[in-house]
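Chain and residue survey
The residues making up each chain are set out below.
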Amino acid sequence: MAYGQFEQFIRNLGRVMSQVNTKLQRDLTMRSRVSRRFSMTEVAEFLAVDATYLTRIDKDEPSFPEGKRSGRERSFSPSEIMQIRGILASRPGARREHLYWRQAGDPIKVITFGAQKGGTGKSLTAAHFAQYLSLFYGLRVGIIDADPQATASLYFADAELPLFSPDTATLAEFMGVDDPGSTELSQRSDAEIDAIWRPTPWPGTRLIPGGANIQNGDISLFFLSQGARVPVYRVLRDAIARWVDANPPSLRAADLRDADGAFDAAKFDSALNETLDVIVIDQQPSLTLMQLNGLVAADSVVIPQTMKGFDLATLATYVGNIGEYLDFIMSFESDLEVGAGEHIVLPTIVQEQNNQDTDQILDLYKRSPREISQVWYSRSDAIANAAEEYKSIYEYLPPRSRRTSAKAFMTNANAVNDMLVTRCLPHLPPRGFAQTFIDERWN
């Protein structure tokens, strides 16, 4: 076989890229992951309490984190904020809920972010949502990065996680489809499956990282489908169910105090890591067998979508293909309930300076008010500024010249995530950010 000039092109480009340092900023970020700290006022907003109330609790509770002092001000890390949540939630006679953990017997919620088109902000939207659930509700969140490019992983991984290493287990191992050409699923113990979840610097948040061998999963699922021995569209759904059964919640907020009534930090740390309350799946921008598994496993599906005419054509293709897959699945498994929760199209990178994008949203919303979100991600330079450092807006600490745009984008992110909570996790109390966004723009 003659490769012609293409073979030489690939070899030359591979040699050049091996000499280019594309890891510098990424490695700097991973060594200082989640270095951002939050003021007492910001902590109070996360917990939906008054700052003076936190000051009073600080005096009553020896375990209240000291934080970091700068003059008269104190700031707190996400881990310290989570501990404050535990202290408030476990106080005898607590009048409100501060840890919205699932209890024994409660199902885990799975929310999948998927799209046919790349460049819609899908991975960042999934990362923002996971971090919002941690900061504003204290949830224990699992992120499954189903993309070989591992984009979502970059917002959670630190120096302890060797991303893009052939030895790093991914979704393929979790599902047992990591052996291309095998006629059966790979078998692992419950402990081995649990170990695929990797800790992150965000408290109570774990990650199944993305990586190249996710593509092996598609090859494996193809060969498994030929033998018709495995329902290849629900392998992930079954793997999640197995993991959930092996790792149920046991500790409650009331269990976080010792016999003398003091907050037990060690028990709280154990409770943070015993299970998960929500799983967020970030899909590859395509519809392969692996990505179909992410849709079938989901209670709710969020489709981040830009509003240009050509981009909307890809949305039509995406939903059309999904519909055909579902028809095929239901033709021989009619008892399978797929997507019992609510689902939403989330407009992203919306240019509000002209009416083209917003008119498109209005038209879609009038035609399908349940499926199209009234809240959207606006186009913002703050996204690119944070992404340069592989950080979400909740982690990004901008220079003074960029603080205004970063604050505006965080307000936008809060509104989007509040809308997603209302639609996908309706058992959680909304925070009002989405309604404020709607009131400001839809009147």
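Residues numbered from 1 in each chain as written. Predicted model: local features only at pLDDT ≥ 70, side-chain atom pairs only at ≥ 80, totals over all residues. Heavy atoms only, no water.

1. Describing the layout of surface pockets
Put simply, the rule is: Buriedness of a pocket was judged along seven lines, with at least five required to meet protein on both sides within 12 Å; pockets are open sets of points on a 1 Å grid over the protein atoms alone, cavities are sets where a 1.4 Å probe fits but cannot get out, and lining residues have an atom within 4 Å of a point. Grid points are joined across faces, edges and corners, and a volume is the space filled by probe spheres set on the points. Comment: elements are numbered from the N terminus, with helices defined as DSSP H or I runs of at least four residues and strands as E runs of at least two.
Roughly 710 Å³ of volume is contained in the largest pocket. Along the wall of the largest pocket there are 32 residues; nearest its centre are Lys407, Ala408, Phe409, Met410 and Thr411. Of all the secondary structure elements, the ones that give two or more residues to the lining of the largest pocket are helix 3 (40–47), helix 16 (403–424) and helix 17 (433–442). A total of 10 residues in the lining of the largest pocket trace back to one element, the largest contributor, which is helix 16.

2. Re the nonpolar core
For the record, the criterion: What is meant by a nonpolar core is a set of buried Ala, Val, Leu, Ile, Met, Phe, Trp, Tyr and Cys residues, joined one to another through side-chain atoms within 4.5 Å. The buried label applies to any residue whose accessible area, calculated with a 1.4 Å probe on protein chains only, is under 20% of its type's maximum; exposed applies above 50%, and partly exposed to all values in between. Contacts: residue pairs with any heavy atoms within 4.5 Å of one another.
Leu47, Leu54, Phe129, Leu133, Tyr137 and Ile393 are the most contacted members of the largest nonpolar core, which has 93 residues in total. The contacts of Leu133, once residues within four sequence positions are left out, are Gly138, Leu139, Val141, Val278, Val421, Leu425 and Leu428. Within the second largest apolar cluster, 29 residues are counted, among which are Leu171, Val177, Trp197 and Ile279.

3. A look at the pattern of salt bridges
Condition: When a carboxyl oxygen of Asp or Glu lies within 4 Å of a side-chain nitrogen of Lys or Arg, that pair is called a salt bridge.
In the structure shown here, the tally under the stated rule is 21 salt bridges. Taking the shortest distance from any N to any O, the salt bridge between Arg257 and Glu61 comes out at 3.0 Å. Remark: Glu61 occurs in the loop between helix 4 (51–60) and strand 2 (68–70) and Arg257 occurs in the loop between helix 10 (235–246) and helix 11 (265–272); sequence separation between them is 196 residues. The two residues Arg257 and Glu61 agree in class, both being buried. One network of salt bridges, with partners in common, ties together Glu61, Arg91 and Arg257.

4. Quick notes on the packing of aromatic side chains
A ring pair, where both rings are aromatic, is described by two values, the distance of the centres and the angle of the planes. The criterion, for reference: Stacked, edge-to-face and tilted are the three classes for Phe, Tyr and Trp ring pairs, Trp counted by its six-membered ring, which pair at centre distances within 6.5 Å; planes under 30 degrees apart are stacked, over 60 edge-to-face, the rest tilted. For a Lys NZ or an Arg CZ to count as sitting over a ring, it must be within 6 Å of the ring centre and within 35 degrees of the ring normal.
For the structure shown, the criterion picks out 18 aromatic pairs. Taking 5.4 Å as the distance between ring centres and 75 degrees as the angle between the ring planes, the aromatic pair formed by Tyr100 and Tyr137 counts as edge-to-face. Taken together, the residues span a long stretch of sequence, with Tyr100 in the loop between helix 5 (78–90) and strand 4 (109–113) and Tyr137 in helix 6 (residues 122–137) at a distance of 37 residues. The same class applies to Tyr100 and to Tyr137, which are both buried. On the basis of an interplanar angle of 15 degrees and a centroid distance of 6.0 Å, the ring pair of Trp101 and Phe268 is categorised as stacked. Residue Trp101 is found in the loop between helix 5 and strand 4, and its partner Phe268 is found in helix 11; the two are separated by 167 residues along the sequence. The class of Phe268 is buried, set by a relative accessible area of 4%. Aromatic ring contacts, followed pair by pair, group Phe38, Phe46, Tyr100, Tyr132, Phe136, Tyr137, Tyr394 and Phe433 into a single cluster. When the ring centre of Trp101 is taken as origin, the NZ or CZ atom of Arg140, which lies over that ring, is 4.1 Å away. Above the face of the Phe437 ring, Arg441 is positioned so that its terminal group lies 3.9 Å from the ring centre.

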